[in-house]
Amino acid sequence: MKNKTIILVTTTLLACIALFGQAQTTGKKYVMVIHGGAGNILKKNMTAVKEAAYTQALTLALQKGYEQIMSGKTSVDAIQAAIIILEDSPLFNAGKGAVFTHEGRNELDAAIMYGSTLAAGAVAGVTIVKNPISAARLVMEKSGHVMLAGSGADKFAAAAGLEIVDPSYFWTKESWDSFQGVLKADSVKQAQGNMKSMNRGAVNNDSKFGTVGAVALDKAGNLAAGTSTGGMTNKKFGRIGDAPIIGAGTYANNKTAAISCTGWGEFYIRSVAAYDVSALMEYSRMKVAAASKTVLGKIQKLGGTGGLIALDKNGNVATPFNTSGMYRGMISEDGKVEVYMYK
């Protein structure tokens, strides 16, 4: 594994990425970038075993996507293949490892977009679909719609032949324990009459925003982006974040870049974050790194936290974040994998 992954640890590189993560890479063409969520990710809190597990999962996801690209498949195929690996892993807040709503359920969201045609598909609040990213792709390609939600989206996925699971499949001890801790904090705030907390649920500041996402560039020069998430721990009232909203958490356009976001979704929705990166590139002629950094700065001014990944039509990468860490990785056209976690 050592000869296939690189983890940033030097002081110089730490200083370079500081607040905004890795800047635009030059001299190398990347074909896929993925993220596994941003948040309070600190090396001092990470065991060697857990770090290796995250590295392995991110590396496998990149390799699966890369296989699709190298075999001549589309960037959409690569996105789906990579995100399925992350959805199937209990390490991330998507699919198997999704967080719990206030009612103790797992409600999953996902979106995918193809930069060549601007076709897009999304599902929100699904509860029995094993791989929501696959459902999002079916919405894009088979439904004539862009977004389906709730029981309707579940029924659509089942009718289309996707793998359906009992809701208990998504349960993991780590997510459940985190949920219990947030419930306790929320009950205290409600007892104190904090209506803001009652409306959106308490936020666990010690947890990561474990949304997963991928952006890819295929041999035909077409970009795609995808994002999948379990949302926010203790979310209430059918809350939906930015991940399944095209232009907010997910966007791809061959003219500019493919973008997938992770973080406090309400701020990304208000900022139309993913599309804003593309718009700055198209209309202000910004490079992908500058556009991504600018958008994250806007989010931070509003009070939002998180990060994003972006890949432009020339294979340049940006991975800014304003949290203490973000699980992220990339693979170049020569098959070299890089995985990063910390600042």
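Residues numbered from 1 in each chain as written. Predicted model: local features only at pLDDT ≥ 70, side-chain atom pairs only at ≥ 80, totals over all residues. Heavy atoms only, no water.

S.K.: Summarise the overall build of the chain; cite the residues concerned and give the values.
M.R.: When helices and strands are counted, the chain shows ten helices and 13 strands. Look at the contacts in the chain between residues 6 or more apart in sequence, and 72% of them connect residues 24 or more apart. Accessible surface for the chain amounts to roughly 13,600 Å². Of this, 55% is attributable to carbon and sulfur atoms. (Helix = DSSP H or I, 4+ residues; strand = E, 2+ residues; numbered from the N terminus. Contact = heavy atoms within 4.5 Å. Areas by Shrake-Rupley, 256 points an atom, 1.4 Å probe, with all protein chains shown as cover.)

S.K.: Any details on the packing of aromatic side chains? Residues and values, ideally.
M.R.: One pass over the full model with this rule turns up nine aromatic pairs. Ring centres of Phe92 and Tyr327 lie 6.3 Å apart, and the angle between their planes is 90°; on these two criteria the pair is classed as edge-to-face. Here Phe92 is found in the loop between α3 (75–88) and β2 (108–114), whereas its partner Tyr327 is found in strand β12 (residues 325–332), with 235 residues between them in sequence. Residue Phe92 is classed as buried on the basis of its relative accessible area of 1%. Joined through ring pairs, the aromatic side chains of Tyr54, Phe92 and Tyr327 make up one cluster. The aromatic ring of Tyr169 is capped on one face by Lys96, whose charged end is 4.8 Å from the ring centroid. (Phe/Tyr/Trp six-rings, centres within 6.5 Å; stacked < 30°, edge-to-face > 60°. Buried < 20%, exposed > 50% of the residue type's maximum accessible area, 1.4 Å probe, protein only. Lys NZ or Arg CZ within 6 Å of the ring centre and 35° of its normal.)

S.K.: Residues and numbers for helix α4 (residues 132–143), please.
M.R.: Since the α-helix turns once every 3.6 residues, residues separated by three or four places project in the same direction. Of all twelve residues in α4, ten are buried; the element is thus mostly enclosed. All buried positions along α4 are accounted for by Pro132, Ile133, Ser134, Ala135, Ala136, Arg137, Leu138, Val139, Met140 and Ser143. Contacts from the buried residues of α4 go to α3, β2, β3 (119–126), β4 (147–149), α5 (150–159) and β7 (223–229). Count one or two residues on from α4 and you reach Gly144, which has phi positive near 80°.

S.K.: Lay out the packing of helix α9 (residues 273–283) against helix α10 (residues 288–302) with the relevant residues and their values.
M.R.: Two numbers describe how α9 lies on α10: the axes approach to 9 Å, and their chain directions differ by 135°. With respect to α10, the element α9 is oriented oblique. Both α9 and α10 take part in a crossing whose hand is right-handed. Here α9 contributes Ala273, Asp276, Val277, Leu280 and Met281 to the contact with α10, which in turn contributes Val288, Ala291, Ser292, Thr294, Val295, Lys298 and Ile299. Split into classes, the residues belonging to the contact of α9 with α10 amount to eight nonpolar, two polar and two charged. (Axes fitted to C-alpha atoms, helices over the stretch in contact; angles between N-to-C directions. Parallel < 35°, antiparallel > 145°, perpendicular 65-115°, else oblique. Left-handed = near helix turned anticlockwise from the far one by under 90°. Nonpolar A, V, L, I, M, F, W, Y, C, P; charged D, E, K, R; others polar.)

S.K.: Residue-level account of the nonpolar core, with values.
M.R.: Counting 52 residues, the largest nonpolar core has Met32, Ile34, Ile79 and Phe92 as its most contacted members. Setting aside its immediate chain neighbours within four residues, Phe92 contacts Gly36, Tyr54, Ala57, Leu58, Leu86, Gly97, Ala98, Gly210 and Val212. Core analysis: the second largest hydrophobic core is formed by 40 residues, Ala257, Ala258, Val295 and Tyr340 among them. (Core = buried A, V, L, I, M, F, W, Y, C linked by side-chain atoms within 4.5 Å.)

S.K.: Residue-level account of the pattern of salt bridges, with values.
M.R.: The tally for this structure, following the rule as stated, stands at twelve salt bridges. In this structure, a network of salt bridges that share partners links the residues Asp77, Arg137 and Glu141. (Salt bridge = Lys/Arg side-chain N within 4 Å of Asp/Glu carboxyl O.)

S.K.: Go over the sheet that holds strand β11 (residues 317–318), please, and point to the residues and values.
M.R.: Read from one edge to the other, the open sheet built from four strands follows the order β8-β9-β10-β11, with strand pairing classed as antiparallel. Edge positions in the open sheet fall to β8 (250–252) and β11, since each of these has one partner strand only. As paired strands, strand β10 (residues 306–312) and β11 are joined by two bridges and run antiparallel to one another. Bridge pairing in β11 links Leu311 to Val317. (Pairing = 2+ DSSP bridges.)

S.K.: Please set out the environment of Gly97 residue by residue, giving values where relevant.
M.R.: Along the chain, Gly97 turns up in the loop between α3 and β2. The spatial distance from the C-alpha of Gly97 to the C-alpha of Lys173 is 9.1 Å, given a sequence separation of 76 residues. Those residues in contact with Gly97, other than ones at most four positions away along the chain, are Ser89, Pro90, Phe92, Thr172 and Ser175.

S.K.: Outline α10, listing residues and values.
M.R.: Helix length check: α10 (15 residues) gives 22 Å between terminal C-alpha atoms against 21 Å at 1.5 Å per residue, within 8%. Of all the positions in α10, only Val288, Ala289, Ala291, Ser292, Val295, Leu296, Gly297 and Ile299 are classed as buried. Those residues of α10 that are buried lie in contact with β9 (257–263), α8 (265–271), α9, β10 and β11. Looking one or two residues past α10, Gly303 carries a phi angle of roughly 110°, positive in sign. (Expected span 1.5 Å × (residues − 1).)

These values are about where atoms sit, not about what they do.
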